[in-house]
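Analysis of the macromolecular model
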Amino acid sequence: MKILTTTHFSVSTWAGGKTTQLYISPEDASLGERNFDWRISSAIVEIEESEFSMFEGYERILIPLKGSLEMEHETENGLINQRVNEFELARFSGNWKTRGKGKLIDFNLIFKPEYAPKVSVKNLETNDFLPVTETAIYLYQGMLEKNHEKIEAPALILNDQNTTFDFLAVKPSKIISIQL
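Computed from a predicted structure; not experimentally measured.

Reading across from one edge, β2-β3-β4-β11-β6-β9 is the order of the six strands in this open sheet, with antiparallel pairing throughout. In this open sheet, the two strands that pair with only one neighbour each are β2 (10-14) and β9 (90-93). For this sheet, the mean inter-axis angle between neighbouring strands, taken without regard to orientation, is 25°. Bridge analysis of β2 against strand β3 (residues 17-25) gives five bridges, and the strand direction is antiparallel. Residue pairing in the sheet places Ser12 in a bridge with Thr19 of β3.

What follows is the structure, encoded as C-alpha coordinates:
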(Lines give C-alpha, C1' and ligand atoms only; values in the text may rest on other atoms or scores of the structure.)
Protein backbone atom coordinates (compact mmCIF):
# COMPACT_ATOMS: atom_id res chain seq x y z
CA MET A 1 0.00 0.00 0.00
CA LYS A 2 1.21 3.48 -0.88
CA ILE A 3 -0.23 6.64 0.62
CA LEU A 4 0.40 9.71 -1.51
CA THR A 5 -0.24 13.22 -0.19
CA THR A 6 0.26 16.75 -1.49
CA THR A 7 4.05 16.42 -1.22
CA HIS A 8 3.89 13.61 -3.83
CA PHE A 9 1.50 15.35 -6.25
CA SER A 10 2.68 17.28 -9.30
CA VAL A 11 0.95 20.64 -9.99
CA SER A 12 1.07 22.38 -13.36
CA THR A 13 -0.66 25.38 -14.92
CA TRP A 14 -2.74 25.27 -18.09
CA ALA A 15 -4.67 27.96 -19.97
CA GLY A 16 -7.78 27.53 -17.83
CA GLY A 17 -6.32 26.97 -14.37
CA LYS A 18 -4.25 24.34 -12.58
CA THR A 19 -4.06 20.58 -12.74
CA THR A 20 -2.68 18.26 -10.09
CA GLN A 21 -1.40 14.88 -11.15
CA LEU A 22 -2.13 12.52 -8.30
CA TYR A 23 -0.63 9.42 -9.94
CA ILE A 24 0.44 8.07 -13.32
CA SER A 25 1.03 4.41 -14.19
CA PRO A 26 3.64 3.31 -14.84
CA GLU A 27 5.38 5.80 -12.57
CA ASP A 28 8.06 6.61 -15.17
CA ALA A 29 5.46 7.42 -17.85
CA SER A 30 4.90 10.91 -19.23
CA LEU A 31 1.59 12.66 -19.81
CA GLY A 32 3.13 14.65 -22.68
CA GLU A 33 4.46 11.53 -24.41
CA ARG A 34 1.11 9.74 -23.95
CA ASN A 35 2.92 6.56 -22.89
CA PHE A 36 0.93 5.88 -19.72
CA ASP A 37 -1.63 3.16 -18.97
CA TRP A 38 -3.76 5.27 -16.62
CA ARG A 39 -3.56 8.60 -14.83
CA ILE A 40 -5.46 10.12 -11.90
CA SER A 41 -5.61 13.91 -11.60
CA SER A 42 -7.68 16.82 -10.32
CA ALA A 43 -8.07 20.16 -12.07
CA ILE A 44 -9.22 23.60 -11.05
CA VAL A 45 -11.01 25.25 -13.96
CA GLU A 46 -10.96 29.02 -13.41
CA ILE A 47 -12.51 30.14 -16.70
CA GLU A 48 -16.12 29.79 -17.79
CA GLU A 49 -15.37 28.07 -21.13
CA SER A 50 -12.48 25.70 -21.82
CA GLU A 51 -11.17 23.22 -24.35
CA PHE A 52 -10.22 19.75 -23.15
CA SER A 53 -6.87 18.27 -24.13
CA MET A 54 -7.14 15.45 -26.65
CA PHE A 55 -6.10 11.99 -25.47
CA GLU A 56 -6.34 9.89 -28.62
CA GLY A 57 -6.41 6.19 -27.83
CA TYR A 58 -7.66 6.77 -24.27
CA GLU A 59 -10.97 6.89 -22.43
CA ARG A 60 -11.86 9.43 -19.74
CA ILE A 61 -13.94 9.57 -16.59
CA LEU A 62 -14.57 12.99 -15.07
CA ILE A 63 -16.35 13.83 -11.79
CA PRO A 64 -17.05 17.44 -10.74
CA LEU A 65 -15.98 17.76 -7.09
CA LYS A 66 -17.14 21.36 -6.78
CA GLY A 67 -19.44 22.95 -9.34
CA SER A 68 -21.06 21.48 -12.44
CA LEU A 69 -19.96 21.12 -16.04
CA GLU A 70 -21.64 21.21 -19.41
CA MET A 71 -19.67 19.44 -22.13
CA GLU A 72 -20.04 19.38 -25.88
CA HIS A 73 -18.29 16.46 -27.57
CA GLU A 74 -17.57 16.43 -31.30
CA THR A 75 -17.76 12.76 -32.28
CA GLU A 76 -17.59 10.92 -35.57
CA ASN A 77 -21.41 10.63 -35.34
CA GLY A 78 -22.12 14.28 -34.52
CA LEU A 79 -22.37 16.41 -31.39
CA ILE A 80 -23.13 14.99 -27.94
CA ASN A 81 -24.07 17.32 -25.09
CA GLN A 82 -23.50 16.14 -21.56
CA ARG A 83 -24.12 17.84 -18.20
CA VAL A 84 -22.69 16.56 -14.93
CA ASN A 85 -23.33 17.94 -11.47
CA GLU A 86 -21.21 17.57 -8.35
CA PHE A 87 -20.15 13.96 -7.75
CA GLU A 88 -21.81 12.66 -10.92
CA LEU A 89 -19.70 10.62 -13.29
CA ALA A 90 -19.16 11.41 -16.98
CA ARG A 91 -17.41 8.95 -19.26
CA PHE A 92 -16.25 9.91 -22.76
CA SER A 93 -13.63 9.23 -25.39
CA GLY A 94 -10.30 11.01 -25.31
CA ASN A 95 -10.54 11.02 -29.14
CA TRP A 96 -13.44 13.48 -29.03
CA LYS A 97 -12.90 17.20 -29.30
CA THR A 98 -14.54 18.42 -26.10
CA ARG A 99 -15.48 21.89 -24.90
CA GLY A 100 -16.62 22.62 -21.37
CA LYS A 101 -18.68 25.34 -19.72
CA GLY A 102 -18.42 25.93 -16.01
CA LYS A 103 -15.89 26.86 -13.35
CA LEU A 104 -15.20 23.85 -11.16
CA ILE A 105 -12.82 21.49 -9.42
CA ASP A 106 -12.84 18.06 -11.01
CA PHE A 107 -11.46 14.55 -10.66
CA ASN A 108 -10.12 12.83 -13.79
CA LEU A 109 -9.23 9.28 -14.67
CA ILE A 110 -7.67 8.80 -18.12
CA PHE A 111 -7.03 5.20 -19.15
CA LYS A 112 -6.31 2.91 -22.08
CA PRO A 113 -9.46 1.18 -23.39
CA GLU A 114 -8.30 -2.28 -22.29
CA TYR A 115 -9.00 -1.23 -18.71
CA ALA A 116 -12.58 -1.49 -17.50
CA PRO A 117 -12.58 0.77 -14.45
CA LYS A 118 -15.32 0.82 -11.86
CA VAL A 119 -15.44 4.26 -10.27
CA SER A 120 -17.76 5.30 -7.46
CA VAL A 121 -18.17 8.09 -4.93
CA LYS A 122 -18.71 7.07 -1.30
CA ASN A 123 -19.68 9.11 1.75
CA LEU A 124 -18.43 7.87 5.10
CA GLU A 125 -19.64 8.93 8.53
CA THR A 126 -17.40 9.04 11.60
CA ASN A 127 -16.53 5.49 12.74
CA ASP A 128 -17.60 3.91 9.44
CA PHE A 129 -15.43 0.94 8.55
CA LEU A 130 -13.97 0.85 5.02
CA PRO A 131 -12.41 -2.35 3.65
CA VAL A 132 -10.35 -1.39 0.59
CA THR A 133 -9.81 -3.88 -2.22
CA GLU A 134 -9.84 -1.32 -5.03
CA THR A 135 -6.78 -0.26 -7.03
CA ALA A 136 -6.94 3.28 -5.64
CA ILE A 137 -8.93 5.40 -3.21
CA TYR A 138 -8.90 9.18 -3.51
CA LEU A 139 -9.66 10.74 -0.14
CA TYR A 140 -11.18 14.05 -1.22
CA GLN A 141 -12.53 15.20 2.15
CA GLY A 142 -12.13 14.01 5.71
CA MET A 143 -9.74 11.68 7.48
CA LEU A 144 -9.15 7.93 7.56
CA GLU A 145 -7.10 5.84 9.96
CA LYS A 146 -5.23 2.56 9.53
CA ASN A 147 -3.36 1.00 12.46
CA HIS A 148 -3.48 4.34 14.33
CA GLU A 149 -1.95 6.17 11.33
CA LYS A 150 -4.19 9.07 10.33
CA ILE A 151 -4.54 9.99 6.65
CA GLU A 152 -5.92 13.45 6.00
CA ALA A 153 -7.48 14.66 2.72
CA PRO A 154 -6.37 15.14 0.06
CA ALA A 155 -4.63 11.78 -0.28
CA LEU A 156 -4.43 8.95 -2.77
CA ILE A 157 -4.18 5.42 -1.39
CA LEU A 158 -2.79 2.90 -3.87
CA ASN A 159 -3.40 -0.81 -3.35
CA ASP A 160 -0.25 -1.93 -5.15
CA GLN A 161 -0.29 -5.34 -3.42
CA ASN A 162 -3.82 -6.32 -4.55
CA THR A 163 -4.89 -7.20 -1.03
CA THR A 164 -7.51 -5.91 1.43
CA PHE A 165 -6.74 -2.98 3.73
CA ASP A 166 -9.09 -1.86 6.47
CA PHE A 167 -9.65 1.82 7.26
CA LEU A 168 -11.74 3.66 9.80
CA ALA A 169 -13.31 7.05 9.09
CA VAL A 170 -12.05 9.36 11.84
CA LYS A 171 -14.42 12.09 10.67
CA PRO A 172 -17.00 12.38 7.87
CA SER A 173 -15.18 11.65 4.63
CA LYS A 174 -15.83 11.60 0.91
CA ILE A 175 -13.85 9.18 -1.25
CA ILE A 176 -13.67 8.15 -4.87
CA SER A 177 -12.86 4.48 -5.32
CA ILE A 178 -11.23 3.23 -8.52
CA GLN A 179 -11.04 -0.44 -9.46
CA LEU A 180 -8.95 -1.03 -12.59
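This next bit is on the sheet that holds strand β8 (residues 78-84). Each strand in a sheet pairs with its neighbour through backbone hydrogen bonds, running either in the same direction (parallel) or in the opposite one (antiparallel). Read across the open sheet, the four strands follow the order β5-β10-β7-β8; overall the sheet is antiparallel. The open sheet is flanked by β5 (49-51) and β8, the only strands paired with a single partner. Adjacent strand axes in the sheet meet at a mean angle of 20° when their direction is disregarded.

Moving on: the confidence of the model for the protein chain. In this model, the protein chain carries a mean pLDDT of 95, and residues with pLDDT of at least 70 account for 100%. The secondary structure element of the protein chain with the lowest average pLDDT is β2, at 91, and the one with the highest is strand β6 (residues 59-66), at 98.

Along β6, seven of the eight residues are buried, which leaves the element largely enclosed by surrounding structure. Strand direction decides the pairing type here: β6 and β9, joined by four bridges, are antiparallel. Residue pairing in the sheet places Glu59 in a bridge with Ser93 of β9. One ladder, built from seven bridges, connects β6 with strand β11 (residues 104-111); its direction is antiparallel. Its bridge partner being in β11, Lys66 is matched across the sheet by Ile105.

Rules of the game
- Residues numbered from 1 in each chain as written.
- Predicted model: local features only at pLDDT ≥ 70, side-chain atom pairs only at ≥ 80, totals over all residues.
- Heavy atoms only, no water.
- Pairing = 2+ DSSP bridges.
- Helix = DSSP H or I, 4+ residues; strand = E, 2+ residues; numbered from the N terminus.
- Axes fitted to C-alpha atoms, helices over the stretch in contact; angles between N-to-C directions.
- pLDDT = per-residue confidence, 0-100.
- Buried < 20%, exposed > 50% of the residue type's maximum accessible area, 1.4 Å probe, protein only.

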